[in-house]
Amino acid sequence: MDALDSSQIQASLKTHVFGRELVCLPRTGSTNDVARELAAQGAPEGTVVVADEQVAGRGRLGRRWLAPPGTCLLCSILFRPDLHPTQAQCLTQLCSLAAADAIHQIANLHVAIKWPNDLIVENPRSGVSGFRSQ
């Protein structure tokens, strides 16, 4: 599998905000933790953190979120919306729906959503779903 290449990813983007600031990591504890640190340092809205492997992610109910290399697309996107904090969950759900729709439209893959923000696509070669949670 090829390493994540930020210049190659950015060259293929047609966006003006999202992914213009892009951090590609071969391995991280959690893309969310990296995005949170970048936000605290003033990173702009649209900053995207992607990783090939995540070793200390967190799922719901305090569960560990493990993602060995090559099994998932791991990313966190920094939003700076002008919303009341009680509305943040709606933004998460809207992004999940939009990402699932985009994958279906572009790649013609069936996407399931494990709410609130995990997208699951079956790997056509192995039949294994695109996430692993413990």
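Coordinates for the structure precede this section.
Heads up: these notes are all about the structure in this document.

Overview of the pattern of salt bridges
Okay, so step 1: Scanning the entire structure with this criterion turns up two salt bridges.
Okay, so step 2: The residue Arg27 makes a salt bridge to Glu53 at a minimum N-O spacing of 3.2 Å. Here the residue Arg27 occupies a position in the loop between strand E1 (22–25) and helix H2 (31–40), and Glu53 occupies one in the loop between strand E2 (48–51) and strand E3 (54–58), the gap between them amounting to 26 residues.
Okay, so step 3: Residue Glu53 is classed as buried on the basis of its relative accessible area, which comes to 18%.
Okay, so step 4: A salt bridge links Arg36 to Asp33; its shortest N-O distance comes to 3.0 Å. Of this pair, Arg36 and Asp33 both sit in helix H2, three residues apart, which is roughly one turn of the helix.
Okay, so step 5: The exposure class of Asp33 is partly exposed, given its relative accessible area of 25%.

Observations concerning the sheet that holds E1
By way of backbone hydrogen bonds, the strands of a sheet pair with one another, either parallel or antiparallel.
Okay, so step 1: Overall, mixed pairing links the three strands, which are arranged E1-E2-E5 in an open sheet. If you trace the sheet from one side to the other, it starts and ends with E1 and strand E5 (74–77), each paired once. Going from strand to strand, the sheet's axes swing by 15° on average, the running direction of each strand aside.
Okay, so step 2: In terms of strand pairing, E2 meets E5 through four bridges, oriented antiparallel. For Val50, the partnering residue across the bridge sits in E5 and is Cys75.
Okay, so step 3: In this fold H2 packs onto E1, E2 and E5, with an angle of close to 150° to the strand it touches most, E2.

Some remarks on the packing of aromatic side chains
By convention here, two paired aromatic rings are described through the distance between centres and the angle between planes.
Okay, so step 1: Within this structure, the stated rule accounts for one aromatic pair.
Okay, so step 2: A centroid spacing of 5.3 Å and a plane angle of 50° characterise the contact between Phe18 and Phe79, whose relative ring orientation is tilted. With a gap of 61 residues between them, Phe18 in the loop between helix H1 (6–12) and E1 and Phe79 in the loop between E5 and helix H3 (88–107) connect regions that are remote in the sequence.
Okay, so step 3: Overall, Phe18 belongs to the partly exposed group, its relative accessible area being 32%.

With respect to the pairing of strand E6 (residues 111–114)
Okay, so step 1: The pairing of E6 with strand E7 (residues 118–121) spans four bridges and is antiparallel. Residue Val111 lies in a different strand from E7, and its bridge partner there is Val121.
Okay, so step 2: Count of turn residues in the E6/E7 antiparallel hairpin: three residues.

Rules and cut-offs
Residues numbered from 1 in each chain as written. Predicted model: local features only at pLDDT ≥ 70, side-chain atom pairs only at ≥ 80, totals over all residues. Heavy atoms only, no water. Salt bridge = Lys/Arg side-chain N within 4 Å of Asp/Glu carboxyl O. Helix = DSSP H or I, 4+ residues; strand = E, 2+ residues; numbered from the N terminus. Buried < 20%, exposed > 50% of the residue type's maximum accessible area, 1.4 Å probe, protein only. Pairing = 2+ DSSP bridges. Axes fitted to C-alpha atoms, helices over the stretch in contact; angles between N-to-C directions. Contact = heavy atoms within 4.5 Å. Phe/Tyr/Trp six-rings, centres within 6.5 Å; stacked < 30°, edge-to-face > 60°.

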